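# Analysis of the macromolecular model
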Amino acid sequence: MEEELIISGRMNDRVDPTLNIWHWEIPFYLFVGGLAAGILFFAAFYYLNGKEKDYPTAVKIAPMFTPFLLILGLIALFLDLNHKLYFWRLYTTIRLESPMSWGAWTLMVVTPLSFIWSAIHLKEVFPKWDWKFEVINKLEQFFINHKKHLAWLMAVFAVLLGIYTGVLLRAFNARPLWNTSILGPLFLASGLSAGAAVVVLLTKNELERKLFSKIDIIIIVAELFFIIHMFMGLLASTQVQIEAAQLFLDGPYTLPFWIFVVFLGMLVPALLEFLELRGQRIPAVIPVALILMGNVMLRFVIVYAGQASRYLY
Amino acid sequence: MRYAMAIDTKKCVGCNDCVVACQIENKVPEGFCRDWVVEAVSGTYPNLELEYRSERCHHCANAPCVRCCPTGSSHIVEGGIVLVDHDKCIGCGACIASCPYDARYPHPDGYVDKCTFCIHKVRKGEQPACVSVCPTNCLYFGDLDDPNSEVSKKIKERKYKRLKTEAGTDPQLYFLI
Ligand code: SF4
Ligand code: SF4
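Worth saying up front: this structure is predicted, and the values here are computed from it rather than measured.

Thresholds, definitions, all that
- Residues numbered from 1 in each chain as written.
- Chains lettered and ligands numbered in written order.
- Predicted model: local features only at pLDDT ≥ 70, side-chain atom pairs only at ≥ 80, totals over all residues.
- Heavy atoms only, no water.
- Helix = DSSP H or I, 4+ residues; strand = E, 2+ residues; numbered from the N terminus.
- Rg over C-alpha atoms; globule rule 2.2 N^0.38 Å.
- Buried < 20%, exposed > 50% of the residue type's maximum accessible area, 1.4 Å probe, protein only.
- Contact = heavy atoms within 4.5 Å.
- Areas by Shrake-Rupley, 256 points an atom, 1.4 Å probe, with all protein chains shown as cover.
- Near = heavy atom within 4 Å.
- Nonpolar A, V, L, I, M, F, W, Y, C, P; charged D, E, K, R; others polar.
- Pairing = 2+ DSSP bridges.
- Axes fitted to C-alpha atoms, helices over the stretch in contact; angles between N-to-C directions.
- Left-handed = near helix turned anticlockwise from the far one by under 90°.
- Buried area = accessible area lost by both parts, 1.4 Å probe.
- Salt bridge = Lys/Arg side-chain N within 4 Å of Asp/Glu carboxyl O.
- Polar contact = N/O pair within 3.5 Å; in protein donor to acceptor, adjacent residues only side chain to side chain.
- Patch = residues over 30% accessible without salt bridge, like charges linked within 9 Å, V, L, I, M, F, W, Y side chains within 5 Å.
- Parallel < 35°, antiparallel > 145°, perpendicular 65-115°, else oblique.
- UniProt positions renumbered as here; feature names shortened; annotations may be inferred.
- Phe/Tyr/Trp six-rings, centres within 6.5 Å; stacked < 30°, edge-to-face > 60°.
- Lys NZ or Arg CZ within 6 Å of the ring centre and 35° of its normal.

### Structural notes on the overall build of chain A
- Within chain A, the regular secondary structure consists of 11 helices and one strand.
- When its helices and strands are written in sequence order, chain A yields β-α-α-α-α-α-α-α-α-α-α-α.
- The C-alpha radius of gyration of chain A comes to 21 Å, within 12% of the 20 Å expected for a compact globule of 313 residues.
- Its C-alpha atoms put chain A at 70 × 55 × 25 Å along the principal axes.
- Split into buried and exposed, the 313 residues of chain A put 51% on the buried side.
- Within chain A, contacts between residues at least 6 apart in sequence are counted, and of these 76% link residues at least 24 apart.
- Total accessible area on chain A is roughly 14700 Å²; 70% of this is exposed by carbon and sulfur atoms.

Dropping the structure here:
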């Protein structure tokens with residue numbers, strides 16, 4: 001191939017040679033967003049299946065962390081904006097074509113839901129809890145009466161949020177690495193696995209821990225499948241996509257991706273959880289920490305490598 | 001109306017006058033640019049070829065930057081010119097990530113900025129600053145829908161290429177080769 005060697009571009013090291021517009025804020029936000037989505041999904045799912053009593057951590061306790069996670073995510077998003085005082089502009093428009101707009105509105109629904117869900121379980125988790133004001137008690141009762149509707153909304157929006165964390169990147173077809181539809185399912189799976197891992201860590205209930213360890217293993221297998229699929233797709237595509245895949249196969253992101261994301265973040269914790277289910281004693285914190293680390297790394301690696309992938313001239 | 005620019009790569013000498021003219025005309029902050037000149041070498045030694053290309057926003061007919069913008073700040077006006085409304089932009093960078101030509105930069109004042117085809121001059125019937133200043137007259141700006149415009153004529157007479165068409169953006173810069 002006759003390749004062009006660019007000798008001088010725009011002489012602007014702030015843009016060239018690779019796009020460098022998103023830093024830690026976006027991957028961090030994608031991580032906490034995915035994690036919150038995972039936790040909220042399991043909470044809604046097992047509540048709707050009538051398993052509130054069997055899996056109290058998943059339905060009541062783990063969701064208590066999601067308001068904080070989502071707020072941290074929102075803060076990160078806010079920090080990423082260059083024109084911070086104008087952020088409210090996101091909410092004066094609905095732009096169906098823009099995934100960022102979708103994300104902003106999804107968060108607008110999920111965040112209050114996570115607050116409400118946590119609030120209506122506070123009295124069960126902390127028996128001494130007192131709202132102090134009669135209005136709040138009434139409000140709480142209102143939401144408890146509509147818990148089923150809440151759970152449905154939460155299940156739907158948690159999935160949307162989880163998929164969205166991948167679809168956001170997928171929409172930028174200027175970056176060949178991101179331009180693959182597998183990112184949505186991959187990020188959703190990754191968020192679910194992080195959510196399940198948090199339940200494993202928090203629960204004191206043997207049955208619940210076993211179930212969520214199993215869920216984790218299944219999701220990790222699915223993730224590995226998506227990753228293989230992603231590479232098959234990229235490698236079977238055009239030159240720019242092949243070059244994007246090369247970033248992971250023989251390039252600057254090879255080590256972080258295969259060691260931290262795939263090996264330490266997926267294979268090792270899946271194996272540990274498997275051994276644990278087989279009766280070996282393994283402190284839950286080890287696989288959980290590895291899964292969360294792998295989750296963070298996946299987002300960082302994909303966001304950064306995506307910005308390094310580009311179309312040829 | 002369909003504004004476009006034709007750039008004669010055979011006539012361009014890479015003097016960067018267009019870049020300077022743009023920076024002055026549009027008060028582009030130091031260290032950034034709305035247009036730039038690429039010096040591209042291609043081929044295998046010893047059969048090398050050098051090409052100069054004055055590049056800027058391609059005012060894509062299928063503009064991903066406009067699609068991705070969550071606030072509607074990036075929009076399209078008459079003649080297909082793609083603009084950024086500074087007061088609506090939140091500086092999220094979605095458009096920067098979505099532009100295959102890296103035509104946009106984050107202005108230090110927070111909003112995102114890029115080439116406007118000097119729409120403030122075009123509306124007055126003038127030429128964009130880069131076009132009017134080019135010492136070799138290698139930039140042509142005009143309406144593609146008008147068969148008598150200089151751009152239309154050049155595109156008809158000469159061979160041309162457009163950049164990264166595989167990205168599906170339908171760019172409106174035509175590089176005469
Ligand atoms: S060149 Fe980039 S900024 Fe200009 S219209 Fe096309 S995508 Fe948008
Ligand atoms: S940075 Fe501004 S113009 Fe670009 S997508 Fe965000 S809001 Fe729109």
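Anyway, onward from the coordinates.
### Re the site of ligand 1
- With respect to spatial proximity, the complete set of residues near ligand 1 consists of Cys-57, His-58, His-59, Cys-60, Pro-64, Cys-65, Val-82, Cys-99, Tyr-101, Arg-104 and Lys-114 of chain B.
- Of the residues in the shell around ligand 1, the class split is seven nonpolar, two polar and two charged.

### Quick word on the pairing of strand 1 (residues 3–8) of chain B
Residues and elements named next belong to chain B.
- Within strand 1, six of the six residues are buried, which leaves the element mostly enclosed by the surrounding structure.
- Bridge count for strand 1 against strand 8 (residues 139–143) is five bridges, and the pairing is antiparallel. Counted as the bridge partner of Ile-7 is Leu-139 from strand 8.
- Both strand 1 and strand 10 (residues 173–176) contribute to a ladder of four bridges, which runs parallel. Of the residues in strand 10, the one forming a bridge with Met-5 is Leu-173.

### Digging into the packing of helix 8 (residues 206–235) of chain A against helix 10 (residues 254–277) of chain A
All names here are of chain A.
- At a closest axis distance of 9 Å, the pairing of helix 8 and helix 10 adopts a crossing angle of 150 degrees. Helix-helix and strand crossings are classified by hand; for helix 8 and helix 10 the assignment is left-handed. Where helix 8 approaches helix 10, its residues Arg-209, Lys-210, Ser-213, Lys-214, Asp-216, Ile-217, Ile-220, Glu-223, Leu-224, Ile-227 and Phe-231 are matched on the opposing element by Phe-257, Trp-258, Val-262, Met-266, Leu-267, Ala-270, Glu-273, Phe-274, Glu-276 and Leu-277.

### Concerning the interface of chain A and chain B
- Contacts between chain A and chain B engage 40 residues on the former and 50 residues on the latter.
- Of the roughly 3900 Å² buried between chain A and chain B on both sides combined, carbon and sulfur atoms contribute 55%.
- Run the count over chain A and chain B and you get two salt bridges.
- Viewed at the interface, chain B and chain A are joined by 18 residue pairs in polar contact (both at pLDDT 80 or more).
- Among the elements of the structure, strand 1 (4–8) and helix 4 (99–125) of chain A are those that each provide at least two residues to the side of chain A that touches chain B.
- When residues in the side of chain A that touches chain B are grouped by element, the largest group, five residues, is from strand 1 of chain A.
- Looking at the side of chain A that touches chain B, its residues break down into 20 nonpolar, nine polar and 11 charged.

### Describing a nonpolar patch on the surface
All names here are of chain A.
- A cluster of nonpolar side chains, namely Trp-24, Ile-71, Leu-72, Ile-75, Phe-78, Leu-79, Phe-87, Trp-88 and Phe-115, defines an oily patch on the protein surface of about 820 Å² accessible area.
- A per-element tally of the nonpolar patch places helix 3 (residues 66–80) first, with five residues.
- Position of Leu-72 relative to the elements: it lies in helix 3.
- Look at Leu-72 and you get partly exposed, because its relative accessible area is 42%.

### Brief notes about the packing of helix 1 (residues 25–48) of chain A against helix 6 (residues 147–170) of chain A
All names here are of chain A.
- Remark: helix 1 packs on helix 6, axes separated minimally by 8 Å, with the N-to-C direction vectors making an angle of 150 degrees. Taken together, the axes of helix 1 and helix 6 are roughly antiparallel relative to one another. Note that helix 1 runs across helix 6; the crossing there is left-handed.
- A per-class count over the contact of helix 1 with helix 6 returns 19 nonpolar, four polar and two charged.

### Structural notes on the site of ligand 2
- Residues in close proximity to ligand 2 total 15 residues, the closest being Cys-69, Ser-74, Cys-89, Cys-92 and Cys-95 of chain B.
- Counted by class, the shell around ligand 2 contains nine nonpolar, five polar and one charged residues.

### Re the UniProt feature "transmembrane region" (unreviewed entry) in chain A
Residue and element names in this part refer to chain A.
- Mapped onto this structure's residue numbering, the UniProt feature "transmembrane region" (unreviewed entry) falls at residues 26–49, 61–82, 102–122, 150–170, 182–203, 215–235, 255–272 and 284–305.
- Helix makes up 73% of residues 61–82 and strand makes up 0%, while its end C-alpha atoms are separated by 36 Å.
- In residues 284–305, helix accounts for 95% and strand for 0%; the two terminal C-alpha atoms are 31 Å from one another.

### Looking at unusual backbone geometry
All names here are of chain B.
- Positive phi is not limited to glycine here, since Asp-102 has a value of about 50 degrees.
- With respect to the element layout, Asp-102 can be found in the loop between helix 3 (94–98) and strand 6 (105–106).
- Judged by its relative accessible area of 2%, Asp-102 is buried.
- Even without a glycine there, the phi angle at Asp-170 is positive, about 55 degrees.
- Looking at the element boundaries, Asp-170 is found in the loop between strand 9 (160–161) and strand 10.

### Brief notes about the packing of aromatic side chains
All names here are of chain A.
- All told, the structure shown has 29 aromatic pairs over all chains when counted by the stated rule.
- Here the aromatic rings of Tyr-91 and Trp-105 are separated by 5.1 Å at their centres, their planes lie at 80 degrees, and the arrangement is edge-to-face. On the criterion of sequence distance, the pair formed by Tyr-91 in the loop between helix 3 and helix 4 and Trp-105 in helix 4 is long-range, its members being 14 residues apart.
- Take Trp-105: its relative accessible area is 27%, and that puts it in the partly exposed class.
- Put simply, the rings of Phe-41, Phe-42, Phe-45, Tyr-46, Tyr-55 and Phe-212 pair up and form one aromatic cluster.
- Between Lys-147 and the ring centre of Trp-117, over which it is positioned, the NZ or CZ distance is 5.5 Å.
- If you follow Arg-299 out to its NZ or CZ, it ends over the ring of Phe-187, 4.7 Å from the centre.

### A look at the sheet that holds strand 1 of chain B
Residues and elements named next belong to chain B.
- Read across the sheet, four strands follow the order 8-1-10-9 without closing on themselves; strand pairing throughout is mixed. Both outer strands of the open sheet, strand 8 and strand 9, are each paired with one neighbouring strand and no more.
- Each of strand 1, strand 8, strand 9 and strand 10 touches helix 6 (residues 150–157); the most contacted strand, strand 8, lies at about 115 degrees to it.

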